[in-house]
Amino acid sequence: MEFLLGLLPVCAFLAALYLMDSYKLIPVRSLGWSLAAGCGAAVAAFGLNMFLSDVTGLSFEPFSRYVAPVTEETLKSVLLVRLLLTRRTGFLVDTAIHGFAIGAGFALVENTGYFLTLGSSSTLLWIVRGFGTAMMHGAATSIAGIIGKVLTERAGSASPATVFPGVLAAILIHSAFNHFFLTAVTTTQLIILVLPVLMGVVFRRSEKAVRRWLGVGFDSDRELLEMITTGRLRETKIGVYFQTLESRFRGEILADMVCMLRIHLELAIAAKGLLLMREAGFEFPPDPEWKEQLAELHYLEQSIGRTGILAAEPFLHTSRHQLAQLLRV
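Below or above, wherever it landed, is the structure these notes cover.

Rules of the game
- One numbering rule holds for all chains: residues counted from 1, following each sequence as written.
- In keeping with the model being predicted, local features are shown solely for residues with a pLDDT of at least 70 and side-chain atom pairs are shown and tallied solely at 80 or more, while totals for entire chains, interfaces and linings include all residues.
- Note that the side-chain values use all heavy atoms of the structure and ignore hydrogens as well as water.
- Each helix corresponds to a stretch of at least 4 residues labelled H or I by DSSP, and each strand to a stretch of at least 2 residues labelled E; elements are numbered beginning at the N terminus.
- A simple rule labels every residue: compare its accessible area, found with a 1.4 Å probe on the protein chains alone, to the largest value its type can have, and call it buried under 20%, exposed over 50%, or partly exposed in between.
- Two residues form a contact once any of their heavy atoms are found within 4.5 Å.
- Think of a polar contact as two N or O atoms within 3.5 Å of one another; within protein, one of them needs to be a possible hydrogen donor and the other a possible acceptor, and neighboring residues in sequence only count if both atoms come from side chains.
- Two cysteine sulfurs form a disulfide in these notes if their separation is within 2.5 Å.
- Patches here: salt-bridge-free residues with over 30% relative accessible area, like charges joined within 9 Å, nonpolar side chains (Val, Leu, Ile, Met, Phe, Trp, Tyr) joined within 5 Å.
- All accessible-area figures derive from a Shrake-Rupley calculation using a 1.4 Å probe, and residue coverage is judged against the displayed protein chains alone.
- What counts as a salt bridge is simple: a side-chain nitrogen of Lys or Arg found within 4 Å of a carboxyl oxygen of Asp or Glu.
- Axes here refer to lines fitted to C-alpha atoms; in helices the fit is confined to the stretch in contact. Angles between the N-to-C directions go from 0 to 180 degrees.
- Working definition: roughly parallel below 35 degrees, roughly antiparallel above 145 degrees, roughly perpendicular at 65 to 115 degrees, and oblique for all remaining angles.
- With the far helix as reference, a near helix turned anticlockwise by less than a right angle produces a left-handed crossing, and one turned clockwise produces a right-handed crossing.
- Just so you know the grouping, Ala, Val, Leu, Ile, Met, Phe, Trp, Tyr, Cys and Pro go in nonpolar, Asp, Glu, Lys and Arg go in charged, and all remaining residues, Gly too, go in polar.
- What a helix is expected to span follows from its residue count: subtract one and scale by 1.5 Å.

What to know about the overall build of the protein chain
From N to C terminus, the protein chain includes 13 helices and 0 strands. In the protein chain, the succession of helices and strands from N to C terminus is α-α-α-α-α-α-α-α-α-α-α-α-α. Judged by the C-alpha coordinates and their principal axes, the protein chain covers about 75 × 40 × 30 Å. Taken over 329 residues, the protein chain has a buried fraction of 48%. Pairs at least 24 residues apart make up 80% of the contacts formed inside the protein chain by residues separated by at least 6 positions.

What about the side chain of aspartate 94?
Within the secondary structure, aspartate 94 sits in helix 5 (residues 92-118). In this structure the side chain of aspartate 94 is engaged in a polar contact, spanning 2.9 Å, whose partner is the side chain of glutamine 325. If we skip the residues at most four places from it in the chain, aspartate 94 touches Leu25, Ile26, Thr89 and Gln325.

Re the state of the cysteines
Summed over the entire model, instances satisfying the criterion amount to 0 disulfides. Just so you know, cysteine 11 is unpaired, no disulfide at all, and the nearest cysteine sulfur is the one on cysteine 39, 9.3 Å from it. The partly exposed category is assigned to cysteine 11, whose relative accessible area is 32%.

A look at a nonpolar patch on the surface
On the surface, Leu124, Ile127, Phe131, Val185 and Ile192 cluster together into a nonpolar patch covering about 380 Å² of accessible area. Within the residue set of the nonpolar patch, elements represented by two or more residues are helix 6 (123-155) and helix 8 (184-214). In terms of residues, the nonpolar patch owes the most to one element, helix 6, which gives 3 residues. Mapped onto the fold, phenylalanine 131 is located in helix 6.

Let's talk about the packing of helix 11 (residues 251-279) against helix 12 (residues 288-312)
With their axes 9 Å apart at the nearest point, helix 11 and helix 12 run at an angle of 130 degrees to one another. One finds that helix 11 runs oblique with respect to helix 12. The two elements helix 11 and helix 12 meet at a crossing, and its hand is left-handed. Tallied by class, residues from the contact of helix 11 with helix 12 come to 16 nonpolar, 4 polar and 5 charged.

Focus on helix 5
In this model helix 5 runs 38 Å from its N-terminal to its C-terminal C-alpha over 27 residues, within 8% of the 39 Å that 1.5 Å per residue would give. The positive-phi residue at the C-terminal boundary of helix 5 is glycine 119, with phi of around 70 degrees.

Looking at the environment of leucine 85
Residue placement: leucine 85 occurs in helix 4 (residues 68-85). Residue class for leucine 85 comes out partly exposed when judged on its relative accessible area of 38%. Between the C-alpha atoms of leucine 85 and threonine 162, which are 77 residues apart in sequence, the distance is 9.2 Å. Residues contacting leucine 85, with those up to four places away along its chain left out, are Ala158, Ser159, Pro160 and Val163.

Below, the structure is given as structure tokens:
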């Protein structure tokens, strides 16, 4: 019973987060990789902490407050930082879920190790470790991802400057938890109250963004795609906008922009259809052609350049990375 108290709460909360995502933005396989990364981080942290403890000669209390939070949160954030820097997480909610999954994997290994060492010594201890420490690990890494994603969206691109503040916040949260400013039971109660509220806010914001994108509608996308394929783009507002760019970009760059818009619309229509089907409980395998179209989009983005991408942003409602995630390609 004590062992289950140390493991089940964080697993149940992670499962709830996955089920709450009505659009299922994260495949189960990807979630498994995040869990595995968290488990690996826990094993690496154990070895590193043992080494640093011998080197520094610090006692348990100062080490747990000032050294362990740095090593553990840094190791937990390795996969999360990679996901952010490579733009593999398109939306805020999936970044938060990936972060919590990494923290959950870390907590599973850590609590298993503690149980093998301590055994079923105290029910209260395992309540605190299961509902408190384990949830803290998940929350800290999740918050690191949330901050990193928000800063990346504001900056328009991912960089160490947009990712580092989130990792630093996770370290500070972990350190504050280990300082025991409040009693263990009070801290656990606080986590149980605050974490669901935080995740609820993240889910509402993210789903609102997806629904706003879906609200653009299939008809408008299809009409614009038909205008492009029939050579009547100039009759649209986007066509007028393209005319204003003629003095700033070469003709071949503008042609690449139009081609990029066409492919983007085709993939957006497919992604919207998949999202609505997933929301209704249906799942379909990805079309092999989507991967080729995404590769062509990547080539066109490189050809157009950063300035051209910025000029094209007003009529692109999602990024290539977001489309790839929605289509699961």
